[in-house]
Structure formats: C-alpha cells, structure tokens
Amino acid sequence: NSGRARFEFGPGGSLGVDAGPGDYVLIPRGLIHREGTAAGSNGFDAVLVRVGRGELVTNVEGPEPG
C-alpha cells in the first residue's frame, strides 16, 4: 500500500476526507463525490469494492455551487 487518496463531496466539493494505507472509506450509494490523489501524494494504490446492481459511474456536470 502506498500514497494517499482524497475523496471530496458536499456543496462545491467543500467536504472531504483523505485516506492512506490501511484506511477504509465507505461512500454511500448515490453520494456525488470526486476521487483523486491527496495533496503531497504522488498517486495511490487502492482496492475498490462495489456492491449492488446498476451503473458503476454516473458523470455529473460538476460540484454543486458552494
């Protein structure tokens, strides 16, 4: 495991959480969010587990205005 990920959500992407090696992040179904690399990290390795049926990704125009 290496690197740190950043998950942003909420109005204008104003809320977020960073995750590193050994961390667990639960993203509720339907939560509009953005996944990326945390500041100061040069990428990250992750294991993603998706449960359920339907589309895996639904692209939206962008974060809601803050």
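Residues numbered from 1 in each chain as written. Predicted model: local features only at pLDDT ≥ 70, side-chain atom pairs only at ≥ 80, totals over all residues. Heavy atoms only, no water.

Undergrad: So what exactly am I meant to see when it comes to the overall build of the protein here?
TA: Secondary structure assignment for the protein yields 0 helices and 3 strands. Moving toward the C terminus, one meets the helices and strands of the protein in the order β-β-β. Along the three orthogonal principal directions, the C-alpha set of the protein runs to about 30 × 30 × 15 Å. Sequence-distant contacts in the protein: of pairs separated by 6 or more residues, those separated by 24 or more amount to 47%. Of the roughly 5,600 Å² of accessible surface on the protein, a fraction of 51% belongs to carbon and sulfur atoms. Seen as two clouds, the 6 positive and the 8 negative side-chain charges of the protein have centres 5 Å apart. (Helix = DSSP H or I, 4+ residues; strand = E, 2+ residues; numbered from the N terminus. Contact = heavy atoms within 4.5 Å. Areas by Shrake-Rupley, 256 points an atom, 1.4 Å probe, with all protein chains shown as cover. Lys, Arg positive; Asp, Glu negative; His and termini not counted. Charge placed at Lys NZ, Arg CZ, Asp CG, Glu CD.)

Undergrad: Looking at this structure, I do not really get the pairing of strand 1 (residues 5–9). What am I missing?
TA: Note on strand geometry: in a regular strand, side chains alternate between the two faces of the sheet. Both strand 1 and strand 2 (residues 15–19) contribute to a ladder of 5 bridges, which runs antiparallel. Across the sheet, arginine 6 pairs through a bridge with aspartate 18, a residue of strand 2. Of the pairings in the sheet, the one linking strand 1 to strand 3 (residues 33–37) comprises 5 bridges and is antiparallel in character. Bridge pairing links phenylalanine 7 to glutamate 35 in strand 3. (Pairing = 2+ DSSP bridges.)

Undergrad: How should I be thinking about the pattern of salt bridges in this particular structure?
TA: When charged atoms on two side chains of opposite charge get close, those side chains can pair. Under the counting rule described, the total for this entry stands at 3 salt bridges. The shortest N-O distance in the salt bridge between arginine 6 and aspartate 18 comes to 3.0 Å. With arginine 6 in strand 1 and aspartate 18 in strand 2, this residue pair connects regions lying 12 residues apart in the sequence. Of the residues examined, arginine 6 reaches a relative accessible area of 26% and is grouped as partly exposed. Since its relative accessible area comes to 34%, aspartate 18 is described here as partly exposed. Across the pair glutamate 8 and arginine 34 runs a salt bridge, and its minimum N-O distance is 2.9 Å. Separated by 26 residues along the polypeptide, glutamate 8 in strand 1 and arginine 34 in strand 3 bring together distant segments of the chain. (Salt bridge = Lys/Arg side-chain N within 4 Å of Asp/Glu carboxyl O. Buried < 20%, exposed > 50% of the residue type's maximum accessible area, 1.4 Å probe, protein only.)

Undergrad: I keep staring at the sheet that holds strand 1 and nothing clicks. Help me out?
TA: Backbone-to-backbone hydrogen bonds pair the strands of a sheet. The strands run either parallel or antiparallel. Ordered by their spatial adjacency, 3 strands build an open sheet running 2-1-3, and the pairing between neighbours is antiparallel. Only two strands of the sheet have a single neighbouring strand rather than two, namely strand 2 and strand 3. Geometrically, the sheet is characterised by an average inter-axis angle of 20° between neighbouring strands, direction not taken into account. (Axes fitted to C-alpha atoms, helices over the stretch in contact; angles between N-to-C directions.)

Undergrad: Is there a simple way to think about a nonpolar patch on the surface in this case?
TA: A contiguous nonpolar surface patch, about 380 Å² in accessible area, is contributed by Val47, Val49 and Val51. With relative accessibility at 69%, the residue valine 49 sits in the exposed group. (Patch = residues over 30% accessible without salt bridge, like charges linked within 9 Å, V, L, I, M, F, W, Y side chains within 5 Å.)

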